[in-house]
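Single-letter residue listing:
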Amino acid sequence: MTVYSFYIFDRHADCIYQRRWLPSSLSGKPSRPTSDTQTLSHGELPGPGRSKRSADDDAKLVFGTVFSLRNMVRKLGGEDDNFICYRTSQYKLHYFETPTNIKFVMLTDTKAPSMRIALQQIYVNLYVEYVILTPSTSRQVVKNPLSPVEHPGGVGVNNELFEESLELFVVCMMMSGPASGETV
């Protein structure tokens, strides 16, 4: 299993965190995490006419897709139905929304199983622990993780503990995922 990218969107539709992992076939090296904004979708490096802004544009497209599909599922199936994932011929998009409307999105290869539990674990064990409950110099400790916390521009989310833990979690998940020949 390969994880291509991971996004966190706040309740105001702002991308407060994004991370990309280059597929080994594109880099010629084993997959290695990168949070460099110079890397664009599908692991491409910016060329002539492409700018850093494309990473932000990708985040907006991902959010727009999630927003549209989530609304369509709720209108067709009712308020109790949830959008969990969808698959194209190139990738699979996994979605998890918290009670405070924080949205976690992960793009993986098409053979990946459902990542709903993994996204929930990232929220509970990493995001709440290292972003919400861990104090930083710019904000106070929040006693209630269900109380909305604002992260304008991702301030407080890009902390070292969260990033290292996320990297370890995703790399371990990629190593222990289904073999490339298995169908899910």
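As a convention, each chain's residues are numbered from 1 in the sequence order in which they are written. Local features in this predicted model are restricted to residues of pLDDT 70 or higher, and side-chain atom pairs are both shown and tallied only at a pLDDT of 80 or more, whereas totals for entire chains, interfaces and linings draw on every residue. Computation of side-chain values: all heavy atoms of the structure, hydrogens and water removed.

An unreviewed UniProt entry annotates the protein as Trafficking protein particle complex subunit originating from Elaphomyces granulatus. Recorded under Sequence similarities (unreviewed entry), the UniProt text for the protein is reproduced unchanged: "Belongs to the TRAPP small subunits family. BET5 subfamily." UniProt positions are given in the numbering used here, feature names are shortened, and annotations may be inferred rather than shown by experiment.

Draft legend 1. Up close: the packing of helix α3 (residues 116-132) against helix α4 (residues 160-176). Comment: axis = line fitted to C-alpha atoms, over the contacting stretch for helices; angle = value between 0 and 180 degrees taken between N-to-C directions. Each helix corresponds to a stretch of at least 4 residues labelled H or I by DSSP, and each strand to a stretch of at least 2 residues labelled E; elements are numbered beginning at the N terminus. It is at 9 Å that the axes of α3 and α4 come closest, and there the two elements cross at 160 degrees. When the interaxial angle is binned, α3 and α4 end up roughly antiparallel. You can see that α3 and α4 cross each other, and the crossing is right-handed. Along the contact surface, α3 presents Ala118, Gln121, Ile122, Leu126, Tyr127, Tyr130 and Val131, while α4 presents Leu161, Phe162, Ser165, Leu166, Phe169 and Met173. In the contact of α3 with α4, the residues fall into 11 nonpolar, two polar and no charged. Any angle that is under 35 degrees is reported as roughly parallel, and any over 145 degrees as roughly antiparallel; angles of 65 to 115 degrees are reported as roughly perpendicular and all others as oblique. The sense of a crossing depends on the near helix, which, turned anticlockwise from the far helix by less than a right angle, makes the crossing left-handed and, turned clockwise, makes it right-handed. Residues are treated as being in contact if the distance between any of their heavy atoms lies within 4.5 Å. Lys, Arg, Asp and Glu make up the charged group, whereas Ala, Val, Leu, Ile, Met, Phe, Trp, Tyr, Cys and Pro make up the nonpolar group; the residues left over, Gly among them, are polar.

Draft legend 2. Geometry of the pattern of salt bridges. Salt bridges are identified by distance alone: a Lys or Arg side-chain nitrogen within 4 Å of an Asp or Glu carboxyl oxygen. All chains considered together, the criterion is met by five salt bridges. For Glu167, the salt bridge is made with Arg19, and the minimal N-O distance between the two is 3.3 Å. Of this pair, Glu167 sits in helix α4 while Arg19 sits in strand β2 (residues 15-21), placing them 148 residues apart in sequence. Under the relative-accessibility criterion, Arg19 is labelled buried at 5%. Close ionic contact of Arg70 with Glu97 constitutes a salt bridge, the shortest N to O distance being 3.1 Å. Within this pair, whereas Arg70 is found in helix α2 (residues 53-77), its partner Glu97 is found in strand β5 (residues 92-97), the two being separated by 27 residues in sequence. Buried means the residue's accessible area, taken with a 1.4 Å probe over protein chains only, is under 20% of the maximum for its type, while exposed means over 50%, and partly exposed covers the values in between. With a relative accessible area of 11%, Arg70 lands in the buried category. Exposure remark for Glu97: the relative accessible area of 18% places this residue in the buried category. Overlapping salt bridges, with partners in common, bring together Arg19, Glu163 and Glu167 in one network.

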